[in-house]
Amino acid sequence: GVAPAVASLENSPNESSYATAQQESYAAASPNSGSATPPMVASVGGSTSSPNTSPGKSIQYSPSVLDNTSFPEDDDDFTDDGVDKYTPIFKMDFSGKLEEEDKTMDTTADVSLEDQEGSPLMVAQGSPGSLMSALSPGVLNIAASPGSINAAGAFDVSPGAPMQTSHEMSESQPPLMFGTDTTISDLTYYAEKGCIVDVLESLTTPHLKTLGSRMLADYAKMPNRRVAVASNTRILEFVQSTALEIGSGCDASLDFVQTYNSSSWLGREYAVETIRSLTAAEENDRYLMNAPGLLEMLALIARGGPFLQHVPYEDKLSVVPAPPPTFEASGGIPGSRVAMDNTFCVASDKARLHACIAIMNLSCGKSNKVEITGVPEILEGMRDVMLGRHFSKAPKTSSSNPSVPKSVVDEARLKATTCIKNLSNADANDAALLGTPGLVETLGYVAEATCHPETGATTCTTHACLALMNLSISKANKNRVFRTPGVMDALMAVITRTANKNIDADVNPKDPSFEARVKACSALSNLAIGYDNKIPMFNYPGFVESILTVIRTDRAEARTKACSILWSFAAEMKNQVPVVRRGDILPALVSVAKEDTKTEARFKCVAALTLLAESPENAVPLLQAGSLEPLMHVLQEAGPDPTQWRGQTASWCVGFLMNMAQCDDVVPALLQEGIVDLLAPLLSLDHYQSLKAAMAVTFVCQYETGDKTYNLLRQTENVIPKIVGLLHNTLSGRGGSG
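Reading the values: rules and limits
Residues numbered from 1 in each chain as written. Predicted model: local features only at pLDDT ≥ 70, side-chain atom pairs only at ≥ 80, totals over all residues. Heavy atoms only, no water. Helix = DSSP H or I, 4+ residues; strand = E, 2+ residues; numbered from the N terminus. Contact = heavy atoms within 4.5 Å. Areas by Shrake-Rupley, 256 points an atom, 1.4 Å probe, with all protein chains shown as cover. Core = buried A, V, L, I, M, F, W, Y, C linked by side-chain atoms within 4.5 Å. Buried < 20%, exposed > 50% of the residue type's maximum accessible area, 1.4 Å probe, protein only. Pairing = 2+ DSSP bridges. Axes fitted to C-alpha atoms, helices over the stretch in contact; angles between N-to-C directions. Salt bridge = Lys/Arg side-chain N within 4 Å of Asp/Glu carboxyl O. Polar contact = N/O pair within 3.5 Å; in protein donor to acceptor, adjacent residues only side chain to side chain. Expected span 1.5 Å × (residues − 1). pLDDT = per-residue confidence, 0-100.

**Student:** Can you walk me through the overall build of the protein chain in this structure?
**Tutor:** Within the protein chain, the secondary structure is distributed over 38 helices and 7 strands. Considering only residue pairs separated by 6 or more positions, the protein chain has 76% of its internal contacts joining residues 24 or more positions apart. On the protein chain, roughly 30,600 Å² of surface is accessible, and the fraction owed to carbon and sulfur atoms is 54%.

Given below as structure tokens:
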């Protein structure tokens, strides 16, 4: 009766929850007893019938509080505005405004349709080969009867309802007992009868715990049963104890201890998969987040645990739990499964993937982020997964053959990176994330390792760059992130390897390389804003070249971010002359100012040119580079009325002319180009732009004579008192700190 259901699992497309080898192992571990009905089932008349008289299976029905309680289904855990945890969450800066490119979306993983269709309990009850049709007629009949797992109330426990244990039941009804030939069909029968707590208390061997956790994993996939399972404290306790089972204190040579300590034991895997499936529904968050030790358990499994050691005791080796290897123990170097100091990790790669998905799903809840980040083990576990530590094989890197398919370790790395990205959306988590040893370095490592020189970036690359972008928003973090070893090189590698090979081709915003390039440039732009970073970033080997590559090969958002970086460099006075002397930055700025009329890139470049003009030494090179033409064109298009200007580009152009006019060497060229006629209409306005225009005209006309110049200077007379008043306000500290 089990074999057809297992076969149906094998045929589920794109489902990684049940590997073929695991299905075969499960089928071998739980052969069907062949019984038509579960043994020792209480009949209506009170007598019992026992078609299956196998030893150790004295099973009798016991009433359970799960039969008569229900969960308040109308109390969904949504935010006040009706937005659930799958909605994009925007990270705010300290002023309450969205900072440059800081919009991110939390990422979650739901149970797929293949999950549900592949589950024995999700198959239609009457379908050939399904588990439910393979159960005894009694089980099949109760599937649609009151008290069944598919009916409301079978598993439900109302908050505050008293939990009844088997010891509190009538002494005339002994506890359930199962043996080596028990099947999942037997457990399901009594779970359907409402005896789930008693069933779980009777599972004491590796075989029985595997069956029990597999049954719970199936129930957790049912959309109408998830809340009932998650709200049952005893179920969560059983799942946690099964996931952490190592046979602690027992002889390491015993068969059942060796089973517990084998990474191929499916009980641990099914237990963690149960939690993973429960996290797909937001209404379960309140139960899972409040379950004592559950987050720590998930963190330990994700990290590869439980970890154990064999310690000599009398004349045998005893199994004792051990702490996870520290980050420093391996120097933070990525690597495969290791045993250091006789320490072993027993979780399978698949179990670790389930744990990562569970934590990732929980990290989507707005109210969960700070609480999850407050568990150091989770951050350390996600770091170790991203590094590929203690897995059965190493994850792919940027030097791997791109044709090699992704493995479980690669998928786990993606989920762990996504989790950190989700947590980084909350400003309150910055200190914990930055304070976790090696975490920021690991984000840089993942960004580079998942971006192949030939095939470009992946979703994992984007999420790593997103996390670095979020962490670089706060002013207090910018220098810390910049100084983290490997971060700059990783971000530079991403923007270089994802460069467009055909700049005229249509851009797909969903392309991983496009997204990763934008987020990497955004992170670098955030870092370049930091006052302490402007000079060292400008001088960082190869960095300016990589930024100019983006400007040349990109026509979308990444180009705008790259131009923002050049703007930040120009804002540092000590950079202004070196920027122009390089010889390659100035032509790029002028080119974008001339050509780009659709994006914000032109505005960034005009602002950079204006700041570079603050240094008199740059005036002649700026003029020779052709910077005057595009900026005057912007002013001509904007018109003489500054109240009608759109954006700030025209305002920066007036500032550029004011700065350039202060250099006597370029004044003749400015006069020849007609900037006086261009700025004259601004002189008669009571507007901020008239202040800059008056200064520019005064400098340009200082050596001119004649009636025209006289009339222009008379117009500036009205402006001079305003300028003097502004200066007095600044020196007096009025209107701000200036």
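**Student:** How should I be thinking about the nonpolar core in this particular structure?
**Tutor:** Nonpolar side chains tend to gather and get buried jointly when the protein is soluble and globular. Ile275, Leu298 and Ile420 are the most contacted members of the largest nonpolar core, which totals 170 residues. Beyond its immediate stretch of four places on either side in the chain, Ile420 contacts Leu379, Met382, Met386, Leu433, Leu439, Leu443 and Ala467. Counting 6 residues, the second-largest nonpolar core is a separate cluster that includes Ala252, Val257, Val319 and Val346.

**Student:** I would appreciate a short explanation of the sheet that holds strand β6 (residues 316-322) in the present structure.
**Tutor:** Remark on secondary structure: sheet strands pair via backbone hydrogen bonds, oriented parallel or antiparallel. Strand order in the open sheet made by the 3 strands is β6-β5-β7, with antiparallel pairing throughout. At either end of the open sheet lies a strand with only one pairing partner, and these are β6 and β7 (343-345). Between one strand and the next, the sheet's axes are offset by a mean angle of 35 degrees, whatever the strand orientation. With 3 bridges joining them, strand β5 (residues 307-313) and β7 adopt antiparallel strand pairing. Bridged to Gln309 within β7 is Thr343.

**Student:** Just to check I follow, could you spell out the pattern of salt bridges for this structure?
**Tutor:** Side-chain pairing between opposite charges can occur once the charged atoms of the two side chains come close. The final tally for this structure, using the stated rule, is 17 salt bridges. Among the ionic pairs, Arg497 bridges to Glu448, the shortest N-O distance being 2.9 Å. One end of the pair, Arg497, is in helix α23 (residues 487-497); the other, Glu448, is in helix α20 (residues 439-449), and 49 residues separate them in sequence. With relative accessibility at 22%, the residue Glu448 sits in the partly exposed group.

**Student:** Whenever I open this one, the side chain of Asn526 confuses me. Can you help?
**Tutor:** As for its position among the elements, Asn526 is in helix α24 (residues 512-529). Looking at Asn526, the relative accessible area reads 0%, which means it is buried. In this structure the side chain of Asn526 is engaged in a polar contact, spanning 3.3 Å, whose partner is the backbone oxygen of Met469.

**Student:** Whenever I open this one, unusual backbone geometry confuses me. Can you help?
**Tutor:** Working note: non-glycine residues mostly have negative phi, and peptide bonds are mostly trans. Residue Pro306 is bonded to the preceding Gly305 through a cis peptide linkage, with omega at 5 degrees. For Pro306, the location among the structural elements is in the loop between α14 (294-303) and β5. One non-glycine residue, Glu314, lies in the positive phi region at around 55 degrees. Mapping Glu314 onto the fold places it in the loop between β5 and β6. A positive phi angle, near 70 degrees, is found at His390, a position not held by glycine.

**Student:** What exactly am I supposed to notice about helix α15 (residues 349-362) here?
**Tutor:** An α-helical segment advances 3.6 residues per turn. Residues three or four places apart therefore align on the same side. Across its 14 residues, α15 extends 20 Å between first and last C-alpha, which sits within 8% of the 20 Å expected from 1.5 Å per residue. In terms of burial, α15 is largely enclosed, as 14 of its 14 residues are buried.

**Student:** Help me understand the confidence of the model for the protein chain in this model?
**Tutor:** Any region with low pLDDT has predicted coordinates that should not be read closely. Of the residues in the protein chain, 73% reach a pLDDT of 70 or more, and the chain-wide mean stands at 77. Segment residues 1-105: pLDDT under 50, and 251 contacts once partners within four positions in sequence are set aside and those in other chains are kept. Here residues 110-172 is a poorly scored stretch, pLDDT under 50, and it has 154 contacts once near neighbours within four places are set aside; other chains count.

**Student:** Help me out: how do you make sense of the environment of Tyr688 in this one?
**Tutor:** One can find Tyr688 in helix α36 (residues 688-700). What makes Tyr688 exposed here is its relative accessible area of 51%.

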